[in-house]
Amino acid sequence: MQFFGGSEISPSPPVPTATGNNAHMMYIFNRNGVCLLYREWNRPLHTLNPQQDHKLMFGLLFSLKSLTAKMDPTNAEKGNLGIPQLPGQGCSFHSFRTNTYKLSFMETPSGIKFILITNPRTGDLRETLKYIYNLYVEYVAKNALYTPGTIIKCELFNTALDQYVRSIA
Amino acid sequence: MPPAAPRSGEAIFSSVDRVNAKLFTLTYGAIVRQLLNDLEEVEEVNKQLDQMGYNIGIRMIDEFLAKSNVSRCIDFKETAEMIVNVGFKMFLGVTASVTKWDADGSCCSIVLEENPLVDFVELLDTCQGLYYCNILSGVIRGALEMVVMKTEVTWLRDMLRGDDAYELQVKLLSQLPEEYPYKDDE
């Protein structure tokens, strides 16, 4: 699945760059679709301007969540696609992988969505995303100068995040 | 790797950094005292405490979710159990209980056996009508609003007013499902 419109389809994953960063990008969204944070460590191809990119990412995840819940074979309820769901209903997807990258996703019950895009050989990143959620709580939620629902501008959070992401395999 | 199981309130309470209980109680008392001085009207103070609690609640919910590792609650009954068993224990170190469920499960009472906010406190005659612990009702309201439950939280019994326990009534007003926030024409 070529998502960002690249023209080449490469069967082998790109070699990690000399900086040693295995993660490509990170997005954090809140319930209303506001992109609270976008961090980029290794992204060679830019196809859209930032606003469109964020909207596209949010829309993708919103639809994927809805789709995965409706296609759940263990769920007895048969609703139509597109009906808004209550929190608590439906299953939650946590990652998808292509031949060039892996996207890992975690949504908290309070509506904060964490998206981490890494190289395809990365394992299950659910614990990693949980740790990043804890970092968010410590540096952002507990920050008196931060207004919830706005873009995160905390240097400490960015530094801690960079340091942690560098250490994941 | 399967996700980790939710942690109990006791376990989290013992693992976080804690502040001296007396410092906490006296700081809260100082805040209420100052509010009474500044605003003079007891109703205004109640409202302000509720608003402060709301602001705390909207941030505290993330800390609660991150530390306790709970997944979404299926219904309001489970939510109330979570607040009482994990939430109060984790943040205040108190045991509380849920009672008086109504027929359709949308209204319940939370009874606090101990309340660290009110140690050493006595209400004066000039402050009748003051809900000293109103910050707690704001916290619950704010936290639940961030998990899409609109609630109304009121005090039924207050020991500072002569009752025998602290009882909060939590009433679920509505639960809004997730909607796509962007408009189609943008």
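In this text the structure is predicted, and so the values were computed from the model without any measurement. (Residues numbered from 1 in each chain as written. Chains lettered and ligands numbered in written order. Predicted model: local features only at pLDDT ≥ 70, side-chain atom pairs only at ≥ 80, totals over all residues. Heavy atoms only, no water.)

Q: Break down the packing of aromatic side chains for me, with residues and values.
A: Tallied over the entire structure, the rule returns 14 aromatic pairs over all chains. For the ring pair Y27 of chain A and Y38 of chain A, a centre distance of 5.0 Å and an interplane angle of 50 degrees mean the geometry is tilted. Note that Y27 of chain A is positioned in strand β1 (residues 23-29) and Y38 of chain A in strand β2 (residues 35-40), a separation of eleven residues in sequence. Relative accessible area serves as the criterion here: at 27%, Y38 of chain A is assigned to the partly exposed category. One aromatic cluster in this structure is built from Y27, F29, Y38, F58 and F62 of chain A. Positioned above the aromatic ring of F13 of chain B, the side-chain terminus of R18 of chain B is 5.0 Å from the ring centre. Positioned above the aromatic ring of Y131 of chain B, the side-chain terminus of R161 of chain B is 4.1 Å from the ring centre. (Phe/Tyr/Trp six-rings, centres within 6.5 Å; stacked < 30°, edge-to-face > 60°. Helix = DSSP H or I, 4+ residues; strand = E, 2+ residues; numbered from the N terminus. Buried < 20%, exposed > 50% of the residue type's maximum accessible area, 1.4 Å probe, protein only. Lys NZ or Arg CZ within 6 Å of the ring centre and 35° of its normal.)

Q: Explain the environment of L156 of chain A residue by residue, including any values.
A: Looking at the element boundaries, L156 of chain A is found in helix α3 (residues 155-167). L156 of chain A gets classed as exposed once you look at its relative accessible area, which sits at 59%.

Q: Lay out a negative patch on the surface in plain terms, naming residues and giving numbers.
A: Together, D38, E40, E41 and E43 of chain B make up a region of like negative charge exposed at the surface. Tracing the backbone through its elements, the reader meets E41 of chain B in the loop between α2 (21-39) and α3 (42-68). (Patch = residues over 30% accessible without salt bridge, like charges linked within 9 Å, V, L, I, M, F, W, Y side chains within 5 Å. Areas by Shrake-Rupley, 256 points an atom, 1.4 Å probe, with all protein chains shown as cover. Salt bridge = Lys/Arg side-chain N within 4 Å of Asp/Glu carboxyl O. Lys, Arg positive; Asp, Glu negative; His and termini not counted. Charge placed at Lys NZ, Arg CZ, Asp CG, Glu CD.)

Q: I'd like a description of the sheet that holds strand β3 (residues 95-97) of chain A, backed by residues and values.
A: Within a sheet, each strand pairs with its neighbour through backbone hydrogen bonds, oriented either parallel or antiparallel. Residues and elements named next belong to chain A. Strand order in this open sheet of five strands is β2-β1-β5-β4-β3, and the pairing throughout is antiparallel. The open sheet has two edge strands with one neighbour each: β2 and β3. Geometrically, the sheet is characterised by an average inter-axis angle of 10 degrees between neighbouring strands, direction not taken into account. The pairing of strand β4 (residues 102-107) with strand β5 (residues 113-118) spans six bridges and is classified as antiparallel. (Pairing = 2+ DSSP bridges. Axes fitted to C-alpha atoms, helices over the stretch in contact; angles between N-to-C directions.)

Q: Talk me through the packing of helix α2 (residues 126-141) of chain A against α3 of chain A; I want residue IDs and the actual numbers.
A: All names here are of chain A. At their nearest, the axes of α2 and α3 sit 9 Å apart, and the two run at 160 degrees to each other. Our classification of the angle between α2 and α3 gives roughly antiparallel. At the point where α2 passes α3, the crossing takes the right-handed sense. Across the interface between the two elements, T128, Y131, I132, L135, Y136, Y139 and V140 of α2 pack against L156, F157, A160, L161 and Y164 of α3. When the residues that make up the contact of α2 with α3 are grouped by side-chain class, the tally is eleven nonpolar, one polar and no charged. (Parallel < 35°, antiparallel > 145°, perpendicular 65-115°, else oblique. Left-handed = near helix turned anticlockwise from the far one by under 90°. Contact = heavy atoms within 4.5 Å. Nonpolar A, V, L, I, M, F, W, Y, C, P; charged D, E, K, R; others polar.)

Q: A description of the interface of chain A and chain B should follow, citing residues and the corresponding values.
A: Facing 36 residues of chain A, the contacting portion of chain B comprises 28 residues. On inspection of chain A and its partner chain B, the count reaches two salt bridges. One salt bridge in this structure joins K67 of chain B and E138 of chain A, with 3.5 Å as the shortest N-O distance. Elements that contribute at least two residues to the side of chain A that touches chain B include exactly α1 (50-70) and α2 of chain A. Counting residues per element, the side of chain A that touches chain B draws most heavily on α2 of chain A, at ten residues.

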